[in-house]
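An overview of the molecular structure
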Amino acid sequence: MASTAVIEVEELNLAYGDFHAVRDLSFEVRQGELYALLGTNGAGKTSTLEVIEGHRAATSGSVRVFGSSPRNRSATRPRMGIMLQESGFSPDLTVRETVQLIGRLSRRTDDVERVLSVVDLMHKATTRVSQLSGGEKRRLDFATAVYGAPELVFLDEPTTGLDIQSRDALWDAVDRLREDGSTVVLTTHYLEEAQQRADRIGLMHKGTFYREGTVLELTSTLPAVISFRLPDQAPPPPLRTTRDDRGHHHVETYGLEADLRTLLNWAYDGSVALTELEAGPTRLDDIFRSIDRG
Ligand SMILES: Nc1ncnc2c1ncn2[C@@H]1O[C@H](COP(=O)(O)OP(=O)(O)OP(=O)(O)O)[C@@H](O)[C@H]1O
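Residues numbered from 1 in each chain as written. Predicted model: local features only at pLDDT ≥ 70, side-chain atom pairs only at ≥ 80, totals over all residues. Heavy atoms only, no water.

Per an unreviewed UniProt entry, the protein is named ABC transporter ATP-binding protein, and its organism is Kribbella lupini. Quoted verbatim from the Subcellular location (unreviewed entry) field of the UniProt record, the comment on the protein reads "Cell membrane". (UniProt positions renumbered as here; feature names shortened; annotations may be inferred.)

Next up on the list: the pattern of salt bridges. As enumerated under the stated definition, the model contains 15 salt bridges in all. Between Asp-199 and Arg-178 there is a salt bridge whose closest N-O contact spans 2.6 Å. One end of the pair, Asp-199, is in the loop between helix H7 (191-197) and strand E8 (200-205); the other, Arg-178, is in helix H6 (residues 164-179), with 21 residues separating them in the sequence. Classification of Asp-199 as partly exposed rests on a relative accessible area of 24%. Note that Glu-276 is salt-bridged to Arg-229, the shortest N-O span being 3.1 Å. You can see Glu-276 sitting in strand E13 (residues 275-280) and its partner Arg-229 sitting in strand E10 (residues 224-229), a full 47 residues away along the chain. When its relative accessible area of 47% is taken as the criterion, Glu-276 is described as partly exposed. Arg-229 sits in the partly exposed class, given a relative accessible area of 27%. A single salt-bridge network, built from bridges that share partners, covers Glu-28, Arg-30, Glu-33, Arg-200 and Glu-212. (Salt bridge = Lys/Arg side-chain N within 4 Å of Asp/Glu carboxyl O. Helix = DSSP H or I, 4+ residues; strand = E, 2+ residues; numbered from the N terminus. Buried < 20%, exposed > 50% of the residue type's maximum accessible area, 1.4 Å probe, protein only.)

Of all hydrophobic cores here, the largest spans 42 residues; its most connected members are Leu-38, Leu-140, Phe-142, Leu-155, Val-174, Ile-201 and Leu-284. No fewer than three residues from each of domain 1 (5-219) and domain 2 (224-289) sit in this core. Not counting residues up to four positions away in its chain, the partners in contact with Leu-155 are Met-83, Phe-142, Val-174, Val-184, Val-185, Leu-186 and Thr-187. Listed in part, the 26 residues of the second largest apolar core include Leu-12, Ala-21, Tyr-35 and Val-185. (Core = buried A, V, L, I, M, F, W, Y, C linked by side-chain atoms within 4.5 Å. Domains from an automatic or database assignment. Contact = heavy atoms within 4.5 Å.)

What follows concerns the side chain of Ser-47. Along the polypeptide, Ser-47 turns up in helix H1 (residues 45-52). Judged by its relative accessible area of 9%, Ser-47 is buried. Residue contacts for Ser-47: discarding those within four places in its chain leaves Leu-14, Tyr-16, Ala-21 and Val-22.

Of note, Thr-76 is situated in helix H2 (residues 73-76). According to the relative accessible area criterion, Thr-76 is buried, its value standing at 1%. In this structure, Thr-76 is in contact with Val-65, Ser-68, Ser-69 and Pro-70, ignoring residues within four places of it in sequence.

Pairing analysis gives eight bridges linking strand E1 (residues 5-16) to strand E2 (residues 19-30), with the strands arranged antiparallel. The residue bridging Ala-15 from the neighbouring strand is His-20, located in E2. Counted along the chain from E1 to the antiparallel partner E2, the turn is two residues long, and its residue Gly-17 has a positive phi close to 60°. Pairing geometry for E1 and strand E4 (residues 60-65), over five bridges, is antiparallel. From the neighbouring strand, Ile-7 faces E4, where its bridge partner is Val-65. (Pairing = 2+ DSSP bridges.)

Attention now goes to unusual backbone geometry. Positioned with a positive phi, Asp-120 is a non-glycine residue whose angle comes to about 55°. Here Asp-120 shows up in the loop between helix H4 (112-118) and helix H5 (134-146). Even without a glycine there, the phi angle at Glu-157 is positive, about 50°. Position of Glu-157 relative to the elements: it lies in the loop between strand E6 (152-156) and H6.

Turning next to the domain arrangement of the protein. If you check the domain split of the protein, you get domain 1 (5-219) and domain 2 (224-289). Summarising the inter-unit geometry, the C-alpha centres of domain 1 and domain 2 are found 39 Å apart. With 13 residues of domain 1 at the contact, the number on the domain 2 side is six residues. Between domain 1 and domain 2, a total of about 850 Å² is buried, with carbon and sulfur atoms accounting for 74% of that surface. Three residues, Leu-191, Gln-195 and Thr-219, lead the burial of domain 1 against domain 2; their summed loss comes to 53% of the area buried on that side. Taken together, the links from domain 1 to domain 2 amount to zero salt bridges. Applying the counting rule to domain 1 against domain 2 returns one residue pair in polar contact (both at pLDDT 80 or more). (Buried area = accessible area lost by both parts, 1.4 Å probe. Polar contact = N/O pair within 3.5 Å; in protein donor to acceptor, adjacent residues only side chain to side chain.)

In structure tokens, the structure reads:
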């Protein structure tokens, strides 16, 4: 992976009056990475992104995008595509006119028909924005963000409200952008998507990082889990388990492979039927649950 930093955030602080929304936040996003900025509600993700995107001034600290201040919009804006949580499109414009307008404002060049077909909106090209469904509006949002294949793309909750085909198509389009070297910053509350897609994750809580690192670095801070069910007459399993009220056994382990082998050998040797077997690293959900909300 290339190591040029596209985004550099150092000791960022952002206050709204007396309320300190972001505190001494430092991180960088390198060229070609998919960086997921995740966190609890009100953690400060949108505030942080607004500073990086140049929409808001920091209270203190330094933010550089492509080596420039994001407030220097003429230097940074043409290189960025932004998909906001809520679009501000004009309801009277058609889908094609919207892409043309936003495309022109971005100062990038692209083929409008190509962009519309990426998000499967060709058949809606002459439909007014006010007549689109929620999912279609999200796809239009995405189309305007990736118009002209920007070097840096911000995706804020990109798949909210999308059906599975549209989600797959969106991630395919993101993969293609990344193959061409684009950097992606993602925020989402769909943790599974972040766990599957992100190279690195910054997990925010109360204005600062609770954890930051690769997916593996984050998930290896908590034990992996093996879960299974045994027949009523089965002998006790060879590992210490807890049983939930649905009769599932759970093992928490830092030695997933060895424990799994022990369990499978025991079941094989004793002809014990293990059912509903699941084994895997901790999920991001569990890391979120470990955050002390107090
Ligand atoms: N314009 C504003 N004025 C005052 N407080 C604000 C303003 N914008 C955000 N806040 C507060 O700053 C904190 C961080 O908000 P922010 O929108 O950055 O969080 P978030 O991590 O994006 O949250 P969510 O996941 O809920 O969208 C919240 O407590 C919010 O109420």
